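Observations on the model geometry
Each chain, letter by letter, is given below.
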Amino acid sequence: MNQDFSPDRAACGFARDIPLVLDAGEAAALRAGARVGISAAHESAHLHVAGAAPYVDDVPEAAGTLHAALAPSPVASGVLRSIDRAALLAMPGVVAVLTAADIPGANDCGPVIHDDPILADGTLRYRGQPVALIVATARDLARLAAARIGPCLDIEPATPVLTAREAYARGDALLPPASLIRESAPGALTAALAAAPHRLGGQFSLGGQEQFYLEGQIAYALPTENQGLRVLCSTQHPSEMQHLIAHALGWRSHQVLVECRRMGGGFGGKESQSGLFACCASIAAARLGRPVKLRLDRDDDFIMTGRRHPFEYDYDVAFDDDGRITGIEATLIANGGHSADLSGAVMTRALCHLDNAYYLPEVAINGFVARTNTQSNTAFRGFGGPQGALLIEIVMDRIARHLGRDPLAVRRANFYGVASRNVTPYRQTIEDNVVAALVDELVAQADYQGRVAAVAAFNRSNSVLKKGIALTPVKFGISFNVPHLNQAGALVHVYADGSVLVNHGGTEMGQGLNTKVAQVVADALGIGFAAVRCSATDTSKIANTSATAASTGADLNGMAARDAAMTIRNRLADFAAARHGGEAADVQFANDVVRVSGIALAFATLVRQAYEARVQLWSDGFYATPKVHWNPKGLHGRPFYYFAYGAAASEVIIDTLTGEVSLLRADILHDAGRSLNPAIDIGQIEGGFIQSMGWLTTEELVWHATDGRLLTHAPSTYKIPTANDCPAALHTRLFDNPNTEPTIHRSKAVGEPPMLLAFSVLLAIRDAIAATGGPGADPDLRAPATPEAVLDAIASLDAIRP
Amino acid sequence: MMQQPISFYFDNRIVRVADQPITATVLAWLRGAVRRTGTKEGCAEGDCGACTVIVAELADEAGDAGGIRAGNLVLRPINACIRFLPTLHGKALLTIEDLAGLTDRALHPVQQAMVDCHGSQCGFCTPGFVMSLFATYLRHQAAQTTPDRAAIAHDLAGNLCRCTGYRPILDAAARMFALPPATLDTAPIEAALRAVAAETGAGLSYAAAGQAGPGARFYAPREVDALAAWYAERPEATLLAGATDIGLWVNKRFRDVGDLLYLGDVAALRCIEREGDVLRIGAGATLEAAWAALIGLEPALGEMALRFAGPPVRHAGTMGGNVANGSPIGDAAPVLMAMDARLVLQHGAQSREVPLDAFYLDYMRNDLAKGEFLRAILVPLPDPDTRMRAYKISKRFDCDISALSCGLAVTLEGETISRVRLAFGGMAATVRRARHAEAALHEAVWGEAAVRAAMAALDEDFTPLSDLRASRGYRRLVARNLLWRFWLETRSAAPLPAASVRVRTFAMAGAV
Ligand SMILES: Cc1cc2nc3c(=O)[nH]c(=O)nc-3n(C[C@@H](O)[C@@H](O)[C@H](O)COP(=O)(O)OP(=O)(O)OC[C@H]3O[C@@H](n4cnc5c(N)ncnc54)[C@H](O)[C@@H]3O)c2cc1C
Ligand code: FES
Ligand code: FES
């Protein structure tokens, strides 16, 4: 009695009439019933390509909707004495001009430390800081009034502090300085530095990075009954938005519902920093009793929100004749901007990733989060991890050039061991190290040695253009450094017709989280993708969620959704065995068919029978990551459940006359565990690689040196990579490596680790620059390696100029 | 002239709009007035491509150069965010929502290929990419060709994606040609556009209902004389071409542009033709068409053309607008100056010619009188003894604003330089020639010694500024080095091919 089952249906993705394009192996696995390990298209792909996937601004506006804009501070530092609202209120369409005094609850949207005013409270902290919230009948009118704020402000300007080095010199920190120290005995680091056969010291400078999510920040607040609000917000953290809004209004959390179906990109920029906009839209909506939308213009998004922290480094490293590090001391100075935001956790992650894949016997790393009069820096994919790990790769390269050895040989000499040399500076023992095997495989795949020789040959016969090549490894810790955040909930509904709706606490920002979670549910229930639908993240469905961040989205929410789905499956199995005979444990679910004691019936049929027999067909699910613990004072413990690994080899060419750079080829091998969806994982890897390459090459942030204006405030002046920057020779493969921990189907998180892969591009540029000098040439190259930075680095070698 | 509503083909019919202000953008109208929200706003300044749509017009008139031909239509991808709605009058607007209707399948091949290749992640950039790829699809469908990877990447240079890293989108662009084809039936669009053209007469005169006073009128004549007369009478009006500058003034600086006089519907201004030993580029010719014509004269300009903005801006903006706007970092002027271009300026019925190198008076000031406009750019055909290159330096290869750019030309008699033009942008308050460096080369032998002398002389020519794009020191050093590169590429003995001195040329020439 096979019913309703079409094998072709199983070949379709989440769009029921669009067959999946799969390689032969995955196609066979799909037909055999697999739902994970399949390169299903993104659950919204067919909507994306048709312009039919709604983002917040696409939702039809309720009648009477007002539009808000934020008026920016014209100075980077000073005292705001008063605001004369009369002139603004007289402008066409303006309904209200709200200031700090109009906020009924707390004037604060700081996620951790409460030092982040929603609207300026008297002290002006950066140029662009919102001083007033203008509400008007149309967005253009609100923006126009906001742009005219200048003459309405009575300000006493002060001299801003604009660079991290300057704040560091003054000792002006946003948070207490942190130190991660691990020595074999007290004083061992000093001794190692003093006794070393070789020693290098220096400074390094690394720029920040704008998230440049294609969809800018937006929040749309709609009043609901009995002092309530429903807020549509492009955010990675609906629960945090809920809390911040309630806090600002002096309400309780249950008065606020926050919803997010999808974001047009987040990258960390919508983790805490969507809070300002969610709060402003909500304050205006609550006060005026009308729906209020706040959608930022791109320029305002640049000048009001923070981004990846720029870092400055001082370091001192000791090593032996093989280039093996015997001791290292480093100070990391992050530019935190005007408020703490997430900078504390970002710095912790930076400190915990300075080791990257290398064992550091004696080590002291100091972190300083500088307070400056600039936008407050925040989460960005990698969350400090890349800023920590890049330093050690620069150090490896310098050691190799100092010793005249192949940089890869120096890296290998320093790799973490498997049974020994396997404890991190924060005292976590690494139990899943595969870096050496992974790098070996990539060296072969990329013909690294052959190409090193070819690059040298090219450089001998070319004077204007020079090539460089580099191979760098990745080790990245997975879990929130704050243990209690490592939890998630999900809700799975099986409707009586056999269709399934999934809800979980994670948010979809393009990373394919909903796709993976739906795959996990389809797998648990043995049904086709088209039978599963994901719904918007909604604080009224799952409470107290964590941010979708730290790459943990699929790990946490996938597990929670599987928990929920398995509960339902077990109920169905019990029911099937009771109704049709046999043991519940023997009931099989696959390809929309349930097999029980020799008969096969459609999943939908069984569901209908179970419904009529009054079986509960929906369930919640919950997951908390085991094993993690952390001592935030001493900076030790097991912050990470496991590590993800990878490596990349990049070859570049530079123009010694202009400093222009082009990436010629990149080979990537990356560990996504046993991938839930290889296509999505490769998308994350390549997308992260190119994004990170942008950070390290063309994406330069420039502030005016004295007035603190962000000069690169739009895509006209801030340049992220384009299609032409993606090399034709981009070879990406997954490293087959089931997680040693029982994560969801033994997969690994893949969002952030690939940011480290593009270090190979920067190091290859360094290699090419070194080729303009003599033996042992060790260029002083800052990041981003813009054409000007490249020429400066060439000049640092005193190379022969035409 | 009679007031008319803005009439254009949209959603399979002629729509008439009478209530929008003259500077309403196509994007605002789509997303706001008709709630067609598939087209996205990522920047509102022409830089991200999320708002890419296709504008089609009848090919009858001179304006098809540079566009994509389908039936009797010419189609162009443009940025809806900086295009004013009244300029659509008499044209057709195709958006992402129209694509599925061109096929009897669930998705158009462009869309299907994007799904198959995992070309979307967050999906916000995707409609714009699909529309740019749709333009590529139509162009190659008409020509029965398939583009290579480099050509596709150039077609996508005006679209930013922050998620994918582009590889899957480039793959999709190759795959779309392998799927069952879909064709655009142009007949109903043509018929509708002819009907609108017939009722339009001498041109559109539009003001939003109830706002017909001065400062809010839009006028789009079809004849040069009408344009000239109208402008001479109302010199305070803003002359509007592709709006790739003006659109930003409105969106970002809230500038009140007053009455708009649109020159984009004057067919005679869009002509590009040879007249004797001169190439005449009508001021209204698109950047795409104008660059193609210049490359026809001097193939070495190919890279400069590709790097001038991205396709949607090049399909909308004009070279005349670029020259008239006169930004010190405009990229057309150095090239045209090196080619000894002259400008035809017209005021009412009067016209005059000025050499381009005498046109710029000071920062953003030029020689145009009130009510006078640029009618055409005259480019002498290069003589065979001239060696020319144009270089642009910016942080990013594609669609970036120049830190500096230059057009460099030497004409040789034997080995002696008989004529030299070295024009630089980004080095001073206006684009201008480097007279000292030119003097160092004039009548000299085209050899290393003269080049080094000219490089040194550049310091006397320019005292550039430091800004967010580059420091003074960098600009100085690279200006010299570009002269050196020019010599390496054009010296008589063992000239270096472009792939030996330019990283992108090298990268595109051969995969590793
Ligand atoms: C994303 C983007 C990228 C860009 N990249 C580049 C680049 O790489 N290099 C570069 O040089 N520029 C670049 N630009 C600017 C360039 O597109 C414009 O300068 C363009 O050429 C102006 O032409 P338009 O037809 O759009 O002029 P409009 O914006 O319509 O007008 C510009 C000005 O010129 C005047 N004008 C126009 N036509 C005439 C005429 N016939 N007579 C007298 N005055 C006239 C107008 O009144 C106005 O003052 C870019 C712009 C954008 C949005
Ligand atoms: S919205 Fe970015 S180009 Fe139009
Ligand atoms: S898919 Fe997110 S920007 Fe392209």
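Residues numbered from 1 in each chain as written. Chains lettered and ligands numbered in written order. Predicted model: local features only at pLDDT ≥ 70, side-chain atom pairs only at ≥ 80, totals over all residues.

1. Quick notes on the overall build of chain A
Helix and strand counts for chain A stand at 21 helices and 29 strands. Over its C-alpha trace chain A gives a radius of gyration of 27 Å, about what one expects of a compact globule, namely 28 Å for 802 residues. Split into buried and exposed, the 802 residues of chain A put 64% on the buried side. Look at the contacts in chain A between residues 6 or more apart in sequence, and 79% of them connect residues 24 or more apart. (Helix = DSSP H or I, 4+ residues; strand = E, 2+ residues; numbered from the N terminus. Rg over C-alpha atoms; globule rule 2.2 N^0.38 Å. Buried ≥ 20, exposed ≤ 12 C-beta atoms within 10 Å, placed from the backbone. Contact = placed C-beta atoms within 7 Å.)

2. Let's talk about the overall build of chain B
When helices and strands are counted, chain B shows 18 helices and 21 strands. Since a compact globule built from 512 residues should have a radius of gyration of about 24 Å, the 23 Å found for chain B is in line with a globular shape. Across the 512 residues in chain B, those meeting the buried criterion constitute 59%. Within chain B, contacts between residues separated by at least 24 positions form 67% of all contacts whose residues are at least 6 apart in sequence.

3. Here we look at the environment of A80 of chain B
Inspection of the secondary structure assignment puts A80 of chain B in the loop between strand 5 (73–79) and strand 6 (92–94). Under the C-beta neighbour-count criterion, A80 of chain B is labelled buried, with 30 such atoms within 10 Å.

4. Structural notes on the packing of helix 11 (residues 343–353) of chain A against helix 12 (residues 385–403) of chain A
Residues and elements named next belong to chain A. Two elements in contact, helix 11 and helix 12, have axes whose closest approach is 7 Å; the angle formed by their N-to-C orientations is 30 degrees. On the basis of their axis angle, the class for helix 11 and helix 12 is roughly parallel. Read as a crossing pair, helix 11 and helix 12 show a hand that is right-handed. Together, R349, A350, L351, C352 and H353 of helix 11 and G385, Q387, G388 and A389 of helix 12 make up the contact between the two elements. Its residues placed into classes, the contact of helix 11 with helix 12 shows four nonpolar, four polar and one charged. (Axes fitted to C-alpha atoms, helices over the stretch in contact; angles between N-to-C directions. Parallel < 35°, antiparallel > 145°, perpendicular 65-115°, else oblique. Left-handed = near helix turned anticlockwise from the far one by under 90°. Nonpolar A, V, L, I, M, F, W, Y, C, P; charged D, E, K, R; others polar.)

5. With respect to unusual backbone geometry
Residues and elements named next belong to chain A. Of the consecutive residues A783 and P784, the connecting peptide bond is found in the cis state with omega at 0 degrees. Relative to the elements of secondary structure, P784 occurs in the loop between helix 20 (759–770) and helix 21 (787–796). At D341, a residue that is not glycine, the phi angle is positive and equals roughly 45 degrees. Positive phi is not limited to glycine here, since N591 has a value of about 50 degrees. Here N591 lies in the loop between strand 21 (588–590) and strand 22 (593–596). Classification of N591 by C-beta neighbours within 10 Å gives buried; the count is 22.

6. Here's the deal with the UniProt feature "domain: Aldehyde oxidase/xanthine dehydrogenase a/b hammerhead" (unreviewed entry) in chain A
Here the UniProt feature "domain: Aldehyde oxidase/xanthine dehydrogenase a/b hammerhead" (unreviewed entry) sits at residues 50–159 of chain A. Helix makes up 12% of residues 50–159 of chain A and strand 29%, whereas the separation of the span's terminal C-alpha atoms amounts to 51 Å. (UniProt positions renumbered as here; feature names shortened; annotations may be inferred.)

7. Things to note about the confidence of the model for chain B
In the predicted model, chain B carries a mean pLDDT of 96, and the fraction of residues at 70 or more is 98%. Across the assembled chains, the prediction reports ipTM 0.97 with pTM 0.98. (pLDDT = per-residue confidence, 0-100.)

8. Notes on the pairing of strand 18 (residues 500–504) of chain A
Residues and elements named next belong to chain A. Here strand 18 lies mainly inside the structure; four of its five residues are buried. As judged from the five bridges shared by strand 17 (residues 487–494) and strand 18, these two strands associate in the antiparallel manner. In the sheet register, V492 faces strand 18, and the bridge partner there is V502. With antiparallel pairing between neighbouring strands as the criterion, strand 17 and strand 18 make up a hairpin whose turn holds five residues, including G498 at a positive phi of roughly 90 degrees. Across three bridges, strand 18 lies against strand 19 (residues 532–534) in parallel orientation. Paired with V502 across the two strands is C534, which belongs to strand 19. With helix 16 (residues 513–525) bridging strand 18 and the parallel strand 19, this β-α-β connection has right-handed handedness. (Pairing = 2+ DSSP bridges. Right-handed = clockwise from strand over helix to strand, strands pointing away.)

9. With respect to helix 9 (residues 287–297) of chain B
Taken together, the buried positions of helix 9 of chain B are occupied by L287, E288, A289, A290, W291, A293 and L294 of chain B. Those residues of helix 9 of chain B that are buried lie in contact with strand 11 (272–275), strand 12 (278–282), helix 10 (302–307), helix 11 (311–316), helix 12 (319–325) and strand 17 (372–380) of chain B.

10. Thoughts on the site of ligand 1
All names here are of chain B. Residues in close proximity to ligand 1 total 31 residues, the closest being G46, A241, G242, G321 and N322. At the level of secondary structure, the elements contributing two or more residues to the shell around ligand 1 comprise strand 9 (238–240), helix 12 and strand 17. No other element matches helix 12, which puts five residues into the shell around ligand 1. For the shell around ligand 1, a count of residues per class yields 16 nonpolar, 11 polar and four charged. Residues lining the shell around ligand 1 come from more than one domain, with at least three contributed by each of domain 1 (6–97 + 187–214) and domain 3 (271–506). (Near = placed C-beta within 6 Å. Domains from an automatic or database assignment.)

11. Quick look at the sheet that holds strand 15 (residues 363–371) of chain A
All names here are of chain A. If you trace the five strands from one edge of the open sheet to the other, you get 7-15-14-13-8, paired in mixed fashion. Across the chains shown, the open sheet's two edge strands, defined by having one partner strand only, are strand 7 (178–182) and strand 8 (198–206). Averaged over all pairs of adjacent strands, the angle between their axes in this sheet comes to 10 degrees, without regard to strand direction. As paired elements, strand 8 and strand 13 (residues 311–319) share nine bridges and run antiparallel to each other. In the sheet register, G201 faces strand 13, and the bridge partner there is D316. Docked against the sheet, helix 11 engages strand 7, strand 14 (325–337) and strand 15, running at close to 155 degrees with respect to strand 15. Set on the sheet, helix 12 makes contact with strand 8, strand 13 and strand 14; between it and strand 8 the angle comes to about 135 degrees.

12. Details of the packing of helix 15 (residues 448–461) of chain B against helix 16 (residues 472–490) of chain B
Residues and elements named next belong to chain B. Axis separation between helix 15 and helix 16 bottoms out at 9 Å; the angle between their running directions is 155 degrees. The orientation of helix 15 with respect to helix 16, classified from their angle, is roughly antiparallel. Along this stretch, helix 15 crosses helix 16, giving a crossing that reads as right-handed. Where helix 15 abuts helix 16, its residues V451, A454, M455, L458 and D459 lie against R476, A479, R480, L483, W484 and W487. Considered class by class, the residues forming the contact of helix 15 with helix 16 number eight nonpolar, no polar and three charged.

13. A few points about the domain arrangement of chain A
Here the domain parsing of chain A yields domain 1 (7–56 + 487–624), domain 2 (64–159 + 217–295), domain 3 (161–203 + 308–415) and domain 4 (426–482 + 640–802). Each of domain 1 of chain A and domain 3 of chain A has a C-alpha centre, and these two points are 44 Å apart.

14. Re the pairing of strand 12 (residues 292–295) of chain A
Residue and element names in this part refer to chain A. By the alternation rule, side chains of strand 12 split into V292 and L294 and K293 and R295, which are all buried. Note that strand 1 (residues 66–72) and strand 12 share three bridges and pair parallel. Note on strand 12: the bridge partner recorded for L66 is V292. The sheet contact formed by strand 9 (residues 218–224) and strand 12 spans four bridges and is antiparallel. From the neighbouring strand, I218 faces strand 12, where its bridge partner is R295.

15. Digging into the sheet that holds strand 12 of chain B
Residue and element names in this part refer to chain B. As summarised here, the arrangement of the five strands in space is 11-12-17-13-14, forming an open sheet in which the pairing is antiparallel. Looking along the sheet, the strands with just one partner apiece sit at the ends: strand 11 and strand 14 (350–355). Averaged over all adjacent pairs, the angle separating strand axes in this sheet is 25 degrees, with direction ignored. Pairing geometry for strand 12 and strand 17, over five bridges, is antiparallel.

16. A look at the interface of chain A and chain B
Each side of the interface is counted separately: chain A has 77 residues, and chain B has 73 residues. Elements supplying a minimum of two residues to the side of chain A that touches chain B: helix 3 (45–48), helix 5 (139–147), helix 10 (298–304), strand 27 (642–655), strand 28 (661–670), helix 19 (678–696), strand 29 (729–734) and helix 21 of chain A. Of the residues forming the side of chain A that touches chain B, the biggest block, seven residues, is contributed by helix 19 of chain A. Of the residues belonging to the side of chain A that touches chain B, the class tally is 40 nonpolar, 22 polar and 15 charged.

17. Examining the domain arrangement of chain B
Frequently, the measure chosen for interface size is the accessible area that the parts lose on association. Residues and elements named next belong to chain B. Domains assigned within chain B are domain 1 (6–97 + 187–214), domain 2 (104–178) and domain 3 (271–506). Using C-alpha coordinates to define each centre, domain 1 is positioned 33 Å away from domain 3. With 13 residues of domain 1 at the contact, the number on the domain 3 side is 14 residues. Tallying contributions element by element places strand 5 first for the side of domain 1 that touches domain 3, with four residues. Partitioning the side of domain 1 that touches domain 3 into residue classes produces four nonpolar, six polar and three charged.

18. Structural notes on the nonpolar core
All names here are of chain A. One finds A68, I134, V231, C280, A281, V521 and I765 to be the most contacted residues of the largest nonpolar core, which totals 461 residues. The dominant element in this core, judged by the number of residues it contributes, is helix 17 (residues 553–580), at 12 residues. Leaving out residues up to four positions away in the same chain, I134 has contacts with A68, A69, A71, L88, V94, V97, A142, A145 and A146. (Core = buried A, V, L, I, M, F, W, Y, C linked by C-beta atoms within 7 Å.)

19. Observations concerning the environment of D301 of chain A
All names here are of chain A. Note on placement: D301 falls in helix 10. Since 24 C-beta atoms lie within 10 Å of it, D301 is described here as buried. Between the C-alpha atoms of D301 and F212, which are 89 residues apart in sequence, the distance is 9.1 Å. In contact with D301, other than residues within four places in its own chain, are G216, Q217 and L296.

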